[in-house]
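Descriptive analysis of the structure
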Amino acid sequence: MPTTPETERWHLRLHGAVQGVGMRPWLARQAARLGLDGWARNDGEGLEAELQGPPAALQALWQALRDAPPPLARIRSQERRTCPPDEELTATGFVLRTSQADGDIHTTLPPDTAPCDDCLDELFDPAARRWRHPFINCTQCGPRWSVTARLPYDRAHTSLAGYALCADCAREYADPADRRHHAQPLACPHCGPRLALRDPDGRPLPADDVLVEAARRLRAGQVLAVKGAGGYQLVCDARQAAPLQRLRLAKQRAGKPFALMAANVESARQWLQVDDATAALLASPARPILLLPCRPDVARALPDSHGLIAPGLDEWGLMLPATPLHGLLLHALDGSPADAGWRAAASPALLVVTSANPGGEPLVIDEDEAVSRLGRGLADALLVHDRAILGRLDDSVRRPMPGEPATASPGTTEGTTEGNAEGTTEGTAGGTANSAPLFAPFIRRARGHVPEPIPLPAAWAGLPPVLAAGAHLKSTVCITRGAEAFVSPHLGDLDSPAARQAHREAAARLADFLGVRPRHIAHDLHPDAAASRQAAHWAAEDDLPLHPVQHHHAHAAAVLAEHGWCGPALALVLDGHGLGDGQTAAALETSGHLGPETDHNGKTQAPAEARTPRPTSKVRYDTRRDTRHDAWGGELLALDACGGFRRIDHLPPLPLPGGDRAAREPWRLGAALLQASSQGAQIARLWPDQPQATALAGLLARGADHLAHSSSAGRLFDAAAALLGICDVQQHEADAAMRLEACAARASPATCGARPAGPPSSDTGLALQAADWLDAQGRLRPQALWAPLVEAALARIGDRGALRPASPPVTRPVPSSAPARSGAGAAAGLTTELNARAEPSTDLGADLTADMSIQAARFHADLGHALAAWVDHHARARGLHTVVLGGGCLINRLLRRHLLQGLQALGPDRGRPALRLLEARALPCGDGGLSLGQAAVALARLAAGRADPSAASPVAPVHPDGATLSAPSAPSPTSAAPRWMPGARPV
């Protein structure tokens, strides 16, 4: 429109996830609606635009950006600057300019998402052009991370670059009114990728309709390898026992649960308990796998296979279709109905959909690899397509905890200021943020969430980028860019050469995608961990400094980082294992004073600390037992604001007879507890089926000083499961703990009352029962936790002894959020080989007595209350009111419930400030979040000037495959890309 004296021109700059979300088409539509001229383009900063027109129209667009941006957009900040009117803009109207790829990258993409409702309507409409098109997408849904090589987000940078648009698709791409306007993965049946069905040797299989033939094979009990969004998946009919038995044998997965897929929420409700909040999360664009309680009648609903889906557990992992191809498979299983109501109606179809990574190796992502690794053993046929996967992307897994106690939510970093001629910044949020109160912590974070950034304290914005190598188990890598951290998808365990190669590739891909050149490397303190060795190799290759970070310190730092809290704080970290620091260097002031707490922006937060008198004397502990045990896992740490920590206390250490074997065979830990409780003579009687029980009893009778010890909370759960007769030998990681929790969940509140207490107290409440759990120094009393377990074990052999705590602790009744459920029974017909690998009984409900469930529930309650008293004592003693809860054990719903109930009860009702409780929300509480913590510790040390690049790392600079390297030196002053990044010499 012609310029007038009232015409204004604004220059806009949008930061955040503003590419791949339809932001430019959205601006074009808004400009047409409001009569504005101008242009928009993507670049390394995010999105740049100029708009010209009446001031009222510009203000209306600015308000729309704040109130109703595209649903997938995550606008971290939006800037505007007023400029003189430009007649040339009037002549061109509003146009979308070619992306500008020069300069550094400071933007990101939204994650891969499931098909939106509009695309699903087309997908199942026989009259639509994209009817049954397995690659349907638009600007509001579809693949992003898995098909994008680098930013800016343009078709030339995706795996669709080689597919020329047909005339119809080109018209949609160019039409500002179309929702596929500038949709980069755009395709249709005429011009897009193609499906194919192949035999295990990769030869084409004849099929008039590939999807119909695939469904026929699934109904016949075959296992298909299906190419999903981020990798191949093994798919079979979950209602049949035979394919599940075969999968367990082929994947060497005797007891680990399988993930399921149902067509929609109503279908899921046939087998699982799904409330409205959980249903919304199931159907969200991220489409995570959710761990949900089974319906009480699930055994009758699936009589043949229910015991093979998740042996011994009352929770199943289930997701809804995450890609169009998944939805089309379920549609074909139901006979390909033309009725539009099919999408919402309950379907009997139920699929097992498990990652195609044989032997725990990385996800298979290309066809040749699928044929060589999945054919002739795992799959009867392969459902493939020719759209390349550029980045592995596993399914995200979460565990909803409806009705459970809440903790603090992460704060935001965005400020709000108005615009002026010099430019301003205003923080806004996109329209798809999950504001529901449902707490659903991550077990695995990948599809639907990567590459979403995690905001870091603003004070770290100017620090150099850090690459953190993560953990050996459930590994991820993390790269920081300014005040943001980017964590890779779940990579799995680094036990095999292929897994370690995938770990290297993930780091290189993330760095290339973000346009970041790491200048510091952080890693776990364990010198022999594969991730630590890889970190040393990266550092040696490019002369970068190494930052070793103790395992449990990293757990705590990850939680602090995602909440934007710089410290100080007290951290309770509960997990299975992590190498300790025998020196436990004094990183904090030796007095109780740790300095003021600081917030997301590095500002001092004084209120609670200022009102609470700090201790004036040192709190001293006997550290002799700390330095003797390097296997940590139940830790109280005091964190400072500069990347330091001190080990305050730990769980009573357990002997590990057999070393690592004790972690796989919980009966050994139970035997150690029996011996520690002077009941070693009962070991052989309690485990008569264990050939080494008598020899182990003799070993323990000679004393435990020569054995390795661990303060691990995970090992305590293992010992409890063994003593209660729930699990003697684990079939997979956390098997014993999962079975123990499932057993405890079956106990009804009416039958789980308190044990007899000691002499009545003049006061009541959990706070005054701390003496039942703690000694005079504030340490946990081992017998308070162990004695009930030992007593229950002795009762199993009819030899209930005189083992009772000197001051019996009180256990409160265990709340129950759902009715007691019977366990899942094992299906008949398991092969001899599977029986040889699996524990004899998987029917937990049939094998366990009600007393076992009660004892298991009491153990969870006792441990939760004891930990609450322990944390409260040391937090108050040190004047700390921010408490971090971290480590994989906190995914246990019952433990978390009792811990939080205890902590929330200790404080306000006794005239003291409430503790501020922080826990993992954006990342897993287990090792999947460790890389963020490593990066955060390195940044905190750099910010405080405490990092010494010349300090020796405990990790020898050895190539992961064994080659000796030269030691790393100070960072190179050159700006050359690290040699392990794409295009450089590979590691």
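Residues numbered from 1 in each chain as written. Predicted model: local features only at pLDDT ≥ 70, side-chain atom pairs only at ≥ 80, totals over all residues. Heavy atoms only, no water.

With that out of the way, let us pick up the pairing of strand S11 (residues 315-319). For S11, a buried count of five out of five residues is recorded, marking the element as mostly surrounded by other parts of the structure. The alternating pattern of S11 places Glu315, Gly317 and Met319 on one face and Trp316 and Leu318 on the opposite face, and all of these are buried. When strand S9 (residues 259-262) meets S11, the two strands line up parallel, connected through three bridges. Across the sheet, residue Leu260 finds its bridge partner in S11, namely Leu318. Across four bridges, the pairing between strand S10 (residues 289-293) and S11 is antiparallel. Looking across to S11, one finds that Pro293 is bridged to Glu315. (Buried < 20%, exposed > 50% of the residue type's maximum accessible area, 1.4 Å probe, protein only. Helix = DSSP H or I, 4+ residues; strand = E, 2+ residues; numbered from the N terminus. Pairing = 2+ DSSP bridges.)

Evaluation of the coordinates by the stated rule reveals five aromatic pairs. Considering the side-chain rings of Trp10 and Trp62, the 6.1 Å spacing of their centres and the 90 degrees angle between planes classify their relative orientation as edge-to-face. Placement of the pair is Trp10 in strand S1 (residues 8-17) and Trp62 in helix H2 (residues 55-67), with a sequence separation of 52 residues. Trp10 sits in the buried class, given a relative accessible area of 5%. Relative accessible area serves as the criterion here: at 2%, Trp62 is assigned to the buried category. Considering the side-chain rings of Phe124 and Trp342, the 5.0 Å spacing of their centres and the 50 degrees angle between planes classify their relative orientation as tilted. (Phe/Tyr/Trp six-rings, centres within 6.5 Å; stacked < 30°, edge-to-face > 60°.)

Another aspect to go through is helix H7 (residues 241-250). Every α-helix winds through 3.6 residues per turn, so residues three or four apart in the chain are directed the same way. Burial analysis of H7 places seven of its 10 residues in the buried class, which makes it a mostly covered element. Of the residues making up H7, those classed as buried are Ala241, Pro243, Leu244, Gln245, Leu247, Arg248 and Leu249. At the C-terminal side of H7, Gln252 shows a positive phi close to 55 degrees.

An order of S6-S13-S7-S8-S12-S9-S11-S10-S14-S15 is seen for the 10 strands of this open sheet, with the pairing classed as mixed. Taken across any chain shown, the strands that pair with only one partner, and hence form the sheet edges, are strand S6 (195-198) and strand S15 (442-444). Here H7 sits on the sheet in contact with strand S8 (232-237) and strand S12 (350-355), set at roughly 145 degrees to S8. (Contact = heavy atoms within 4.5 Å. Axes fitted to C-alpha atoms, helices over the stretch in contact; angles between N-to-C directions.)

Quick look at the confidence of the model for the protein now. For the protein, the average pLDDT comes to 81, and 79% of its residues sit at 70 or higher. Between residues 583-628, whose pLDDT stays under 50, and residues either more than four places distant or in other chains, the model counts 97 contacts. (pLDDT = per-residue confidence, 0-100.)

Another point: the sheet that holds strand S4 (residues 74-83). With respect to topology, five strands assemble into an open sheet ordered S4-S1-S3-S2-S5, the strand pairing being mixed. Pairing within the sheet leaves two strands with one partner each, and these edge strands are S4 and strand S5 (94-96). Here the average twist between neighbouring strands, direction ignored, is 15 degrees. Contacting S1, strand S3 (46-53) and S4, H2 runs over the sheet at an angle of about 5 degrees to S1.

Let us look at the packing of helix H1 (residues 23-34) against H2. Here H1 crosses H2 at 145 degrees, and the two axes come no closer than 10 Å. Helix-helix and strand crossings are classified by hand; for H1 and H2 the assignment is right-handed. Contact residues: Met23, Trp26, Leu27, Gln30 and Leu34 in H1; Ala57, Ala60, Leu61, Ala64 and Leu65 in H2. Taken together, the residues that form the contact of H1 with H2 break down as nine nonpolar, one polar and no charged. (Left-handed = near helix turned anticlockwise from the far one by under 90°. Nonpolar A, V, L, I, M, F, W, Y, C, P; charged D, E, K, R; others polar.)

A separate point is the side chain of Glu172. With respect to the element layout, Glu172 can be found in helix H5 (residues 167-174). Sequence-distant contacts of Glu172, defined by excluding residues within four places in its chain, comprise Arg129, Arg130, Asp178, Arg180, His181 and Leu186.

Tallied over the entire structure, the rule returns 44 salt bridges. We note a salt bridge from Asp117 to Arg343, for which the minimum N-O separation is 3.5 Å. Within this pair, whereas Asp117 is found in helix H4 (residues 117-123), its partner Arg343 is found in the loop between helix H12 (324-333) and S12, the two being separated by 226 residues in sequence. Exposure remark for Asp117: the relative accessible area of 53% places this residue in the exposed category. Where Arg203 meets Asp201, a salt bridge forms, and the shortest distance between an N and an O atom there is 3.4 Å. Residue classification places Arg203 among the partly exposed positions, given a relative accessible area of 47%. When its relative accessible area of 36% is taken as the criterion, Asp201 is described as partly exposed. Taken together, the shared-partner salt bridges connect Arg13, Arg41, Asp43 and Glu48 into one network. (Salt bridge = Lys/Arg side-chain N within 4 Å of Asp/Glu carboxyl O.)

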